[in-house]
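Take a look at the letters that make up each chain.
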Amino acid sequence: MLAARAVRIDPDDPLSGLEVGEAPDPDVPDGWVLVELRAAALNHHDLWSLQGVGLREEQLPMVLGCDGAGVDPDGNEVVVHAVVGDPEAGGGDETLDPRRSLLSERHPGTLAERVAVPRRNLVPKPATLSWEEAACLPTAWLTAYRMLFTRAELRPGDTVLVQGAGGGVATALITLARAAGLRVWATSRSEEKQARAVELGAHAAFASGERLPERVDAVMETVGRATWAHSVRSLRPGGRIVVSGATTGDDPSADLTQVFFLQREVVGSTMGTRDELQRLIRFCDAAGVRPLIDSVVPLRDARDGFARMAVGELFGKVVFSV
Ligand SMILES: NC(=O)c1ccc[n+]([C@@H]2O[C@H](COP(=O)([O-])OP(=O)(O)OC[C@H]3O[C@@H](n4cnc5c(N)ncnc54)[C@H](OP(=O)(O)O)[C@@H]3O)[C@@H](O)[C@H]2O)c1
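Residues numbered from 1 in each chain as written. Predicted model: local features only at pLDDT ≥ 70, side-chain atom pairs only at ≥ 80, totals over all residues. Heavy atoms only, no water.

Some thoughts on the overall build of the protein chain
Reasoning step 1: Regarding its fold elements, the protein chain presents nine helices and 18 strands.
Reasoning step 2: The C-alpha atoms of the protein chain give a radius of gyration of 19 Å, which matches the 20 Å a tight globule of 322 residues would have.
Reasoning step 3: Its C-alpha atoms give the protein chain principal-axis dimensions of roughly 55 × 40 × 40 Å.
Reasoning step 4: Burial analysis of the protein chain (322 residues in total) assigns 55% to the buried set.
Reasoning step 5: The long-range share in the protein chain, meaning contacts at least 24 apart out of those at least 6 apart in sequence, stands at 70%.
Reasoning step 6: If you sum the accessible surface of the protein chain, you get close to 13500 Å²; carbon and sulfur atoms cover 48% of it.
Reasoning step 7: The protein chain carries 34 positive and 45 negative side-chain charges, and their two centres are separated by 5 Å. (Helix = DSSP H or I, 4+ residues; strand = E, 2+ residues; numbered from the N terminus. Rg over C-alpha atoms; globule rule 2.2 N^0.38 Å. Buried < 20%, exposed > 50% of the residue type's maximum accessible area, 1.4 Å probe, protein only. Contact = heavy atoms within 4.5 Å. Areas by Shrake-Rupley, 256 points an atom, 1.4 Å probe, with all protein chains shown as cover. Lys, Arg positive; Asp, Glu negative; His and termini not counted. Charge placed at Lys NZ, Arg CZ, Asp CG, Glu CD.)

Below, the structure is given as structure tokens:
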């Protein structure tokens, strides 16, 4: 089958370890099923894998990709849940299973014609979502859903700050937060992306690091070192920063005085459960919300999509048609 694989790890030049070509079909263990993919989407996770974050040399070659939608062996249209874990081992939440992994970490991923997943990881795709839209949901969009509604526990009328407007997670955060009745503020390094954030649904957009008109109830943080100090300062006393990524580095000053003196909370978040993915899909269906797609590229040209992400040009998701 055609697949995009990591064949080498290079922290400084991740694209040099990417190979798009023929690969063997994945094994299908008992209780797993083979899905014929129609579309797959790119995440920063795939670039991290090529840089050796979460993927070791001895696991190579590895098919990349967490996001996908396709057809199961019974002919059903499905979205693939990317978290491989046991809910019981995580106290009812597979993301808390100490042995959980994401597709492409231990098991071959979705940037391919076929992927094998546990049967419980299949979620029905509604006919209202296109293949490309459905493929965007399992990682960045699911992460955004859990950040806003499970981890930050935001309610309509609250104000949320989204750092780094252009990213896959960030565009999902803006869209979902707006649809849920929140007041949405976003930051970006580029004026053009600030304008696009407002078009997408943000009530206002600011330059990265700019002082806000008032402090916010919660901050959604995926950028890391470049925006952390601003995230802490922008949060109201008792407010919550939910962090699910650190694209620019994971070691900023912790600003502990700012955290304890104003009783702010810092909460981690990763992916989401199958149940949350189902609710996200229902939310999109019911509210008419659709993932913002930056570009659709044939899987054979996957390298072009990776290159756009590596230089930070994106606004929304890169999707590969299979
Ligand atoms: N924990 C999880 O389950 C989970 C799930 C999904 C993603 N993540 C993580 O979340 C992060 C974002 O993922 P993604 O797929 O959305 O990646 P992406 O599409 O590549 O987004 C990158 C983001 O970083 C911002 N950015 C990059 N360099 C910056 C800088 N120097 N200063 C300020 N902002 C900067 C960009 O904002 P502008 O260009 O608008 O400034 C953009 O929002 C990644 O680190 C990823 O690993 C984690």
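Quick look at the packing of aromatic side chains
Reasoning step 1: For the structure on display, the rule yields four aromatic pairs.
Reasoning step 2: Relative to Phe149, the ring of Tyr145 lies with its centre 5.1 Å away and its plane at 70°, an arrangement referred to as edge-to-face. Placement of both Tyr145 and Phe149 in helix α3 (residues 137-151) is noted, with a separation of four residues, approximately one turn of the helix.
Reasoning step 3: For Tyr145, a relative accessible area of 9% puts it in the buried group. (Phe/Tyr/Trp six-rings, centres within 6.5 Å; stacked < 30°, edge-to-face > 60°.)

Focus on the site of the ligand
Reasoning step 1: Of all residues adjacent to the ligand, which total 24 residues, the nearest are His44, Trp48, Gly164, Arg189 and Ser244.
Reasoning step 2: Within the backbone of Gly168, a nitrogen or oxygen atom sits 2.9 Å from an oxygen atom of the ligand.
Reasoning step 3: In the environment of the ligand, a nitrogen atom lies 3.4 Å from a nitrogen or oxygen atom belonging to the side chain of Thr270.
Reasoning step 4: Protein coverage of the free-state accessible area of the ligand, which is 920 Å², stands at 86%.
Reasoning step 5: Taken together, the elements giving at least two residues each to the shell around the ligand come down to α1 (44-50) and α4 (168-179).
Reasoning step 6: Each residue belonging to the shell around the ligand can be placed in one class, and the counts come to eight nonpolar, 14 polar and two charged. (Near = heavy atom within 4 Å. Polar contact = N/O pair within 3.5 Å; in protein donor to acceptor, adjacent residues only side chain to side chain. Nonpolar A, V, L, I, M, F, W, Y, C, P; charged D, E, K, R; others polar.)

Thoughts on the layout of surface pockets
Reasoning step 1: Its volume calculated, the second largest pocket comes out at about 210 Å³.
Reasoning step 2: Around the second largest pocket sit Gly209, Glu210, Arg211, Leu212, Glu214, Arg215, His230, Arg233, Ser234 and Gln258, which together line it.
Reasoning step 3: In terms of residue count, helix α6 (residues 228-234) provides more of the lining of the second largest pocket than any other element does, three residues in total.
Reasoning step 4: The residue makeup of the lining of the second largest pocket, split by class, is one nonpolar, four polar and five charged. (1 Å grid on protein atoms, 1.4 Å probe; cavity = no way out; pocket = protein on both sides within 12 Å on 5 of 7 lines; lining within 4 Å. Points joined across faces, edges and corners; volume = space filled by probe spheres on them.)

Considerations on the sheet that holds strand β2 (residues 18-22)
Whether parallel or antiparallel, the strands of a sheet pair through hydrogen bonds between backbone atoms.
Reasoning step 1: Spatially, three strands are ordered β2-β1-β4 in an open sheet, and the strand pairing comes out antiparallel. Of all the strands in the sheet, the pair left with one neighbour each is β2 and β4 (62-63).
Reasoning step 2: Contacts between helix α9 (residues 302-310) and the sheet are confined to β1 (2-6) and β2, with β2 contributing the most and set at about 160° to the helix. (Pairing = 2+ DSSP bridges. Axes fitted to C-alpha atoms, helices over the stretch in contact; angles between N-to-C directions.)

Re the pattern of salt bridges
A side chain of one charge can pair with a side chain of the opposite charge if their charged atoms are brought near each other.
Reasoning step 1: Taken as a whole and assessed by the stated rule, the structure comprises 18 salt bridges.
Reasoning step 2: The closest approach of N and O atoms between Lys125 and Glu77, which form a salt bridge, is 3.4 Å. With Lys125 in the loop between β10 (122-124) and α2 (131-135) and Glu77 in strand β6 (residues 77-80), the pair connects residues that are 48 residues apart, well separated along the chain.
Reasoning step 3: Residue classification places Lys125 among the buried positions, given a relative accessible area of 10%.
Reasoning step 4: Overall, Glu77 belongs to the partly exposed group, its relative accessible area being 37%.
Reasoning step 5: Across the salt bridge formed by Arg146 and Glu276, the nearest N and O atoms sit 2.9 Å from each other. With Arg146 in helix α3 and Glu276 in helix α8 (residues 274-287), the pair connects residues that are 130 residues apart, well separated along the chain. (Salt bridge = Lys/Arg side-chain N within 4 Å of Asp/Glu carboxyl O.)

Quick notes on the nonpolar core
Reasoning step 1: By size, the foremost hydrophobic cluster in this structure holds 47 residues, and its most contacted members are Trp141, Leu148, Leu176, Met220 and Leu280.
Reasoning step 2: Looking at this core, the element that brings in the most residues is α3, giving eight residues.
Reasoning step 3: Discounting residues that sit within four places of it in the chain, Trp141 has contacts with Cys136, Gly168, Ala172, Thr175, Leu176, Leu280, Val289, Arg290, Pro291, Leu292 and Lys317. (Core = buried A, V, L, I, M, F, W, Y, C linked by side-chain atoms within 4.5 Å.)

Description of the sheet that holds strand β15 (residues 235-243)
Reasoning step 1: Overall, parallel pairing links the six strands, which are arranged β13-β12-β11-β14-β15-β16 in an open sheet. Each edge of the sheet is formed by a strand with only one pairing partner; in this case those strands are β13 (204-207) and β16 (265-268). The sheet shows a mean angle of 20° between the axes of neighbouring strands, taken without regard to direction.
Reasoning step 2: In the sheet, strand β11 (residues 159-162) pairs with strand β14 (residues 216-221) via three bridges, with the strands oriented parallel. Considered in β14, the bridge of Val162 is made with Met220.

A few points about the environment of Glu19
Reasoning step 1: Tracing the chain through its elements places Glu19 in strand β2.
Reasoning step 2: With relative accessibility at 35%, the residue Glu19 sits in the partly exposed group.
Reasoning step 3: Contact partners of Glu19, with chain neighbours within four places excluded, come to Ala3, Ala4, Arg5, Val7 and Arg303.

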